[in-house]
Amino acid sequence: MVYKFKLVSDEVSNFAREIEIDSESSFLQLRNVILDSVDYTKDELDSFFICDDDWSRNEEITLEDMGSSSDQDVWLMDDTPLSEFLEDEGQKLMFMFDYMMERSFFMELKEIVPGRTLLDPICTLKRGKAPKQESELPEMDAHINPVPPVVKEEDLDADFFGDAEFNDDELAELNDDIDFE
């Protein structure tokens, strides 16, 4: 049996991919054909989520076991065939490719073709350019790698450093304001 998926993004309106894959293929094979179709690297942690009709996330199929609690089932992409979770046309999935910003592709199982098999998954339609794999966080980058102010040599005068002398009364006032207990 062959599954035909459609992928869209909420970040890029004209983006779409269609993927055909055998129902007995693993979620890892689906992941790899998706990443290849959008020219993303395969070195990031990502997951599939089986969703209900309102896109609420239910079961997670992840790339690696991140040490979840023992009372939860852990579904690994490499060990889980698509047919384990997908049975009906219209089934919704989410492929989260950016955990930091929770960015995902939204997927729908558009068609199930019985009596057909497929050795390798293929991307049958590429429309639009995929969103960037890495989200751009300029405000976070500014905190992680702050840009020091530019100080020119001609600015290094007495006003830059302040008075070289201090007033004992000013220091006494400072000490009075500080509670050392």
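Residues numbered from 1 in each chain as written. Predicted model: local features only at pLDDT ≥ 70, side-chain atom pairs only at ≥ 80, totals over all residues. Heavy atoms only, no water.

Chemist: Is there a simple way to explain the overall build of the protein chain in this structure?
Modeler: A count of helices and strands for the protein chain gives four helices and eight strands. Reading the helices (α) and strands (β) of the protein chain from amino to carboxyl end gives β-β-α-β-β-β-β-β-β-α-α-α. The buried share among the 181 residues of the protein chain stands at 33%. Partitioning the contacts of the protein chain with sequence separation of at least 6, the portion at a separation of at least 24 is 62%. Summed over all atoms, the accessible surface of the protein chain reaches about 12,200 Å², with 47% contributed by carbon and sulfur. (Helix = DSSP H or I, 4+ residues; strand = E, 2+ residues; numbered from the N terminus. Buried < 20%, exposed > 50% of the residue type's maximum accessible area, 1.4 Å probe, protein only. Contact = heavy atoms within 4.5 Å. Areas by Shrake-Rupley, 256 points an atom, 1.4 Å probe, with all protein chains shown as cover.)

Chemist: Just to check I follow, could you spell out the sheet that holds strand 7 (residues 103–113) for this structure?
Modeler: Consider a sheet: its strands pair through backbone hydrogen bonds, and that pairing is either parallel or antiparallel. The eight strands lie next to each other as 5-4-3-6-7-1-2-8, forming an open sheet whose pairing is mixed. Of all the strands in the sheet, the pair left with one neighbour each is strand 5 (75–76) and strand 8 (122–127). The sheet contact formed by strand 2 (residues 16–22) and strand 8 spans five bridges and is antiparallel. Bridge pairing in strand 8 places E20 opposite I122. Its contacts with the sheet put helix 1 (residues 27–37) on strand 1 (2–9), strand 2, strand 3 (47–51), strand 4 (57–62), strand 6 (92–98), strand 7 and strand 8, and the angle it makes with strand 2 is roughly 150°. (Pairing = 2+ DSSP bridges. Axes fitted to C-alpha atoms, helices over the stretch in contact; angles between N-to-C directions.)

Chemist: Can you walk me through the nonpolar core in this structure?
Modeler: One broad trend across soluble globular proteins is that nonpolar side chains are buried collectively. Among the nonpolar cores identified, the biggest contains 29 residues, and F5, F27, L30, F48 and L86 are the most heavily contacted of them. The set of elements that each furnish at least two residues to this core consists of strand 1, strand 2, helix 1, strand 3, strand 6 and strand 7. (Core = buried A, V, L, I, M, F, W, Y, C linked by side-chain atoms within 4.5 Å.)

Chemist: Before we go on, may I ask you to explain the pairing of strand 7 in this structure?
Modeler: Strand residues, when the strand is regular, have side chains that alternate between the two faces of the sheet. Direction of pairing for strand 1 relative to strand 7: antiparallel, over a ladder of eight bridges. Across the sheet, residue K6 finds its bridge partner in strand 7, namely E108. Examined bridge by bridge, strand 6 and strand 7 share six bridges and lie antiparallel to one another. Within strand 7, the position partnered with M96 by the bridge is S104. Between strand 6 and strand 7, which follow one another and run antiparallel, lie four residues, and E102 among them has a positive phi close to 50°.

Chemist: What's the story with the pattern of salt bridges in this structure? I'm lost.
Modeler: As a working rule, side chains carrying opposite charge can pair if their charged atoms are close by. Summed over all chains, the structure comprises eight salt bridges. Among the ionic pairs, K4 bridges to E111, the shortest N-O distance being 3.7 Å. In this pair, K4 sits in strand 1 while E111 sits in strand 7, placing the two residues 107 residues apart along the sequence. With a shortest N-O distance of 3.0 Å, E20 and R116 are connected by a salt bridge. Placement of E20 in strand 2 and of R116 in the loop between strand 7 and strand 8 is noted, with a sequence separation of 96 residues between them. Note on E20: relative accessible area 10%, which makes it buried. (Salt bridge = Lys/Arg side-chain N within 4 Å of Asp/Glu carboxyl O.)

Chemist: Whenever I open this one, the environment of W75 confuses me. Can you help?
Modeler: Considering the arrangement of structural elements, one finds W75 in strand 5. The spatial distance from the C-alpha of W75 to the C-alpha of I61 is 4.8 Å, given a sequence separation of 14 residues. Aside from chain neighbours lying at most four places away, what touches W75 is E59, E60, I61, T62, T80, E84 and F85. Within the structure, W75 has its side chain in polar contact with the side chain of E59 (distance 3.2 Å). (Polar contact = N/O pair within 3.5 Å; in protein donor to acceptor, adjacent residues only side chain to side chain.)

Chemist: How should I be thinking about the confidence of the model for the protein chain in this particular structure?
Modeler: Interpretation of the predicted coordinates at a detailed level should be avoided for regions scoring low in pLDDT. A residue-level look at the protein chain finds 72% of positions with pLDDT of 70 or above and a mean pLDDT of 84. Looking across the protein chain, the model is least confident in helix 2 (residues 138–144), with a mean pLDDT of 51, and most confident in strand 2, with 98. (pLDDT = per-residue confidence, 0-100.)

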